[in-house]
Amino acid sequence: MPVIELKPVRERILDAALEQYYAQGIRAVSADKLIAAAHVSKVTFYRHFPTKDDLVAAYLRVRSDEERATVEAVRADLAGDPAGVLRWYAEVVGQIACASGFRGCPFINAAAELPDGDHPGRRVIDEHREWLTAQIAELLVELDVDDAKTKAGQLMMLRDGAMVSGYLGRAPEHVTSALVAAGRSIIRG
C-alpha cells in the first residue's frame, strides 16, 4: 500500500489559497472553500490564519518569494550580462502572459481587490513591486543607462501592459518582441 505524505497544514492552506485566489479572485474565495480544499477543520484553519487578511498577505508573500528566488537565480547565472537578464525577463513575461490559465499578474489582481492602502496584502504588493523595479534599475545602472530609476518605472509599466496584452490573446512571440522593442526605446530614449 503506497504511503501518502501530507504536507504540513499551513502549506496545504497556502497551496489552496495560491490556486483558488489566483483562479477565482480573493473576494470570491471563502474560508470554507479553502478549508475544504486543504482538508482541515475550521479551528485548525483559523489557528494558522486568524483573519483572511493574514492569509491574503501570506499568499502574496509566497508569490513574491517565488518570483524573487527566480529573478535572483537568473541574475546570478547571468552575472555581468544585465541585457541578458532583461531579455530573459521579457521572454518569461511573454510566455507566462500567453499561457493557458494565466489570469494576470497576481499582484495587480490583488491590488484591484484590496483598495485599502493599509491592508497587509497591499504592503506586500508595494514591497514586491518596489523590489522588482529596483532590480530593473540596478540592471539599467549596470548598462550605464541615464535616469535608471525613472526608466525602471517605465519598464514596469511596459511589463504590466505586456501581461494584459498576453492575457487578451496575443501570441507569446508578439508580446515578447513588442516588450523588447518598447523596452529598448525607453532604455535608449
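Each remark here, short or long, concerns the structure printed above.
Residues numbered from 1 in each chain as written. Predicted model: local features only at pLDDT ≥ 70, side-chain atom pairs only at ≥ 80, totals over all residues. Heavy atoms only, no water.

**Student:** So what's going on with the overall build of the protein? Residues and values would help.
**Tutor:** For the protein, the helix and strand inventory stands at 9 helices and 0 strands. In sequence order, the protein lays out its α and β elements as α-α-α-α-α-α-α-α-α. Out of the 189 residues in the protein, the part that is buried amounts to 42%. A separation of at least 24 residues holds for 68% of the contacts in the protein among residues at least 6 apart in sequence. (Helix = DSSP H or I, 4+ residues; strand = E, 2+ residues; numbered from the N terminus. Buried < 20%, exposed > 50% of the residue type's maximum accessible area, 1.4 Å probe, protein only. Contact = heavy atoms within 4.5 Å.)

**Student:** A description of the state of the cysteines should follow, citing residues and the corresponding values.
**Tutor:** Tallying each qualifying case throughout the model produces 0 disulfides. No disulfide involves Cys 98; its sulfur sits 15 Å from the nearest other cysteine sulfur, which is in Cys 105. The exposure class of Cys 98 is partly exposed, given its relative accessible area of 22%. For Cys 105, a relative accessible area of 3% translates into the label buried. (Disulfide = S-S within 2.5 Å.)

**Student:** Requested: an account of helix α9 (residues 172-188), with residues and values cited.
**Tutor:** Spanning 17 residues, α9 covers 24 Å between terminal C-alpha atoms, matching the ideal 24 Å at 1.5 Å per step. Among the residues of α9, Val 175, Thr 176, Leu 179, Val 180, Gly 183 and Ile 186 are the ones counted as buried. One face of α9 carries all of its buried residues, which in axial projection span an arc of 130 degrees. Among the exposed residues of α9, those pointing more than 90 degrees away from its buried face are Glu 173, Ser 185 and Arg 188. Looking at the buried residues of α9, the elements they touch are α5 (82-97) and α8 (148-167). (Expected span 1.5 Å × (residues − 1). Arc of directions from axis to C-beta.)

**Student:** Summarise the packing of aromatic side chains; cite the residues concerned and give the values.
**Tutor:** Applying the stated criterion across every chain yields a total of 4 aromatic pairs. Centre to centre, the rings of Phe 102 and Tyr 167 are 6.3 Å apart; their planes meet at 70 degrees, and the pair counts as edge-to-face. Of this pair, Phe 102 sits in the loop between α5 and α6 (106-113) while Tyr 167 sits in helix α8, placing them 65 residues apart in sequence. Positioned above the aromatic ring of Tyr 22 is the side chain of Arg 63, whose terminal nitrogen or guanidinium carbon lies 4.9 Å from the ring centre. (Phe/Tyr/Trp six-rings, centres within 6.5 Å; stacked < 30°, edge-to-face > 60°. Lys NZ or Arg CZ within 6 Å of the ring centre and 35° of its normal.)

**Student:** Requested: an account of a nonpolar patch on the surface, with residues and values cited.
**Tutor:** Judged by side-chain polarity, Val 164, Tyr 167 and Leu 168 come together as a nonpolar surface patch covering roughly 330 Å² of accessible area. Judged by its relative accessible area of 43%, Tyr 167 falls in the partly exposed class. (Patch = residues over 30% accessible without salt bridge, like charges linked within 9 Å, V, L, I, M, F, W, Y side chains within 5 Å. Areas by Shrake-Rupley, 256 points an atom, 1.4 Å probe, with all protein chains shown as cover. Salt bridge = Lys/Arg side-chain N within 4 Å of Asp/Glu carboxyl O.)

**Student:** Pulling in residues and values, what's your account of the packing of helix α4 (residues 52-77) against helix α7 (residues 120-142)?
**Tutor:** Contact pair α4 / α7: the axes reach a minimum separation of 8 Å and the direction vectors enclose 15 degrees. What the angle tells us is that α4 and α7 run roughly parallel. For the pair α4 and α7, the sense of crossing is left-handed. Taking contact as the criterion, the partners of Asp 53, Ala 57, Leu 60, Arg 61, Ser 64, Glu 67, Arg 68, Val 71, Glu 72 and Arg 75 in α4 are, on α7, Pro 120, Gly 121, Val 124, Ile 125, Glu 127, His 128, Trp 131, Leu 132, Gln 135, Glu 138, Leu 139 and Glu 142. The class makeup of the residues in the contact of α4 with α7 is 9 nonpolar, 4 polar and 9 charged. (Axes fitted to C-alpha atoms, helices over the stretch in contact; angles between N-to-C directions. Parallel < 35°, antiparallel > 145°, perpendicular 65-115°, else oblique. Left-handed = near helix turned anticlockwise from the far one by under 90°. Nonpolar A, V, L, I, M, F, W, Y, C, P; charged D, E, K, R; others polar.)

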